[in-house]
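Listed here are the chains, written in short residue letters.
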Amino acid sequence: MVHDDNGDDRDDDSGDNGNDNGDDDGEKQKGDNIGKHLQKVLHEWGLDKVMTVTVDNASANDSGISYLRSQMNSLKTSIAQGKYLHMRCAAHIINLIVQECLKEVLQSVKCVHAAVRFVKNGTSRLVKFKECAVLEKVDTKAFLSLDVCTRWNSTYDMLKATCAYEKVFARYTEEDPYYTIELISDKGLGVPDEQDWENARKMAEFLGHFADITKRVSASLSVTSHTYFHEIGEVNILVNNWLNSSDTWHDIVENENYKAKGKEKEKEKENINLLIFVAVILDPRYKLSEYIELAIQEIYGESIGHKVWAAVNKGLQGLFEDIGTPFLLVMAHPNQLKVNHHNLNKWEGVVE
């Protein structure tokens, strides 16, 4: 498995940088260059066979993978004709989901950000704020932290820590008149109100799940390929719960623009690499079980889920015929190892 992630924090879920032919040609040329570079690196590493290449959703990467696939097919070094070569970066997709959610409560997040920035922008303010925290008997070791606009996990850290100080900010409003004056000046959003704090709490809780998922899918010292299926299922449950909630979030998702985006995201399910399902099936705890079939139907819906389940079974059979047959020949005829050794050379260097 080769990873070529060019930045998880780009808010770019389609990679569409233009509709005219000039832009399309430019993207294709850029993609071809990416593909050529990948091919060169694989050659330097001595890798003839590659199962997947993990990239984000930029259209240039799509073109790059297409170029690499065609080259590998022409050299007859591809696995399953390169059908499963393109693996979309899980961390990048999680980033896109989170960025979309943050847009819906951006004003509340900005209010909290402005309040934290004011307090941290001066030693005397910090001293007074800590005195207010003592009076309010705040029981937390975490303190205020500012987020970075390009990293949503820092926004999560900010909201998680700051929400514990909601009552302290209310007391601080009475202690420092400049706090309110500065937050409403220069077209500021004002002091965070009750609704802003409610949004901040719910967003912190929501982001917490995705922060945990991101850590798990980004692990580098343990095998993760068989866990992605479960992570996708968890994300599906989280998003559906959010969409079906009956509180403040319900008003947000009733927005027609957000519903339209939701329908677009449904189409992205078609781009899930089937190896995600194959990997969990190879886990001896699950195999081709009814649990996996039901989980797929939960993710895709019953009607489409049946088709996906059939495609997974067909793909698994195809991989077995493409990869497993040469090894079975050796096992069936151990005395003919010298004869089969030449045929097996082409399978060396397969990487997961």
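Everything below is about the structure printed above this text.
This one's a predicted model, so the numbers in the text were calculated from it and none came from an experiment. Residue positions within a chain follow its written sequence, with the count starting from 1. Per-residue local features of the predicted model are confined to residues with pLDDT of at least 70, and side-chain atom pairs are confined, for both listing and counting, to 80 or more; whole-chain, interface and lining totals are unaffected and use all residues. Only hydrogens and water are removed before side-chain values are computed, so all heavy atoms of the structure are retained for them.

**Q** I'd like to hear about the environment of Val191, residue by residue, with values.
**A** Numbering of helices and strands runs from the N terminus, with a helix taken as a DSSP run of H or I at least four residues long and a strand as a DSSP run of E at least two residues long. With respect to the helices and strands, Val191 occurs in the loop between helix 8 (177–184) and helix 9 (194–217). Its relative accessible area of 29% is what places Val191 among the partly exposed residues. Taking the C-alpha atoms as reference points, Val191 and Ala170, 21 residues apart in sequence, are found 9.2 Å from one another. Should any heavy atoms of two residues lie within 4.5 Å, those residues are considered in contact. For Val191, the residues in contact, after removing those within four places along its chain, are Thr173, Tyr179, Thr180, Leu183 and Asp196. Between buried and exposed lies partly exposed: a residue is buried under 20% and exposed over 50% of the maximum accessible area for its type, with that area taken using a 1.4 Å probe on protein chains only.

**Q** A description of the pattern of salt bridges should follow, citing residues and the corresponding values.
**A** Basic side-chain nitrogens of Lys or Arg form a salt bridge, by our definition, when they fall within 4 Å of a carboxyl oxygen of Asp or Glu. Under the criterion given, the structure shown has eight salt bridges. A salt bridge links Glu166 to Arg201; the nearest nitrogen and oxygen atoms lie 2.4 Å apart. Here the residue Glu166 occupies a position in helix 7 (residues 166–175), and Arg201 occupies one in helix 9, the gap between them amounting to 35 residues. Assessed through its relative accessible area of 33%, Arg201 is described here as partly exposed. Glu198 is paired through a salt bridge with Lys202; the nearest N and O atoms lie 3.9 Å apart. One end of the pair is Glu198 and the other is Lys202, both in helix 9 and four residues apart, which spans about a single turn.

**Q** Tell me what's going on with empty space enclosed by the protein, and back it up with residues and numbers.
**A** Grid spacing is 1 Å over the protein atoms alone, the probe is 1.4 Å, and a cavity is where that probe fits but cannot get out, while a pocket is an open set with protein on both sides within 12 Å along at least five of seven lines and lining residues have an atom within 4 Å of a point. Grid points are joined across faces, edges and corners, and a volume is the space filled by probe spheres set on the points. What the rule picks out here adds up to one cavity of 30 Å³ or more. Estimates place the volume of the largest cavity at around 30 Å³. Considering the residues around the largest cavity, the lining is formed by Val50, Met51, Ile79, Gly82, Lys83, Tyr84 and Leu85. Here the residues of the lining of the largest cavity are counted per class, giving five nonpolar, one polar and one charged. Three classes are used: nonpolar for Ala, Val, Leu, Ile, Met, Phe, Trp, Tyr, Cys and Pro, charged for Asp, Glu, Lys and Arg, and polar for all others, with Gly counted as polar.

From the geometry alone we can't say anything about function, so treat these as descriptive.
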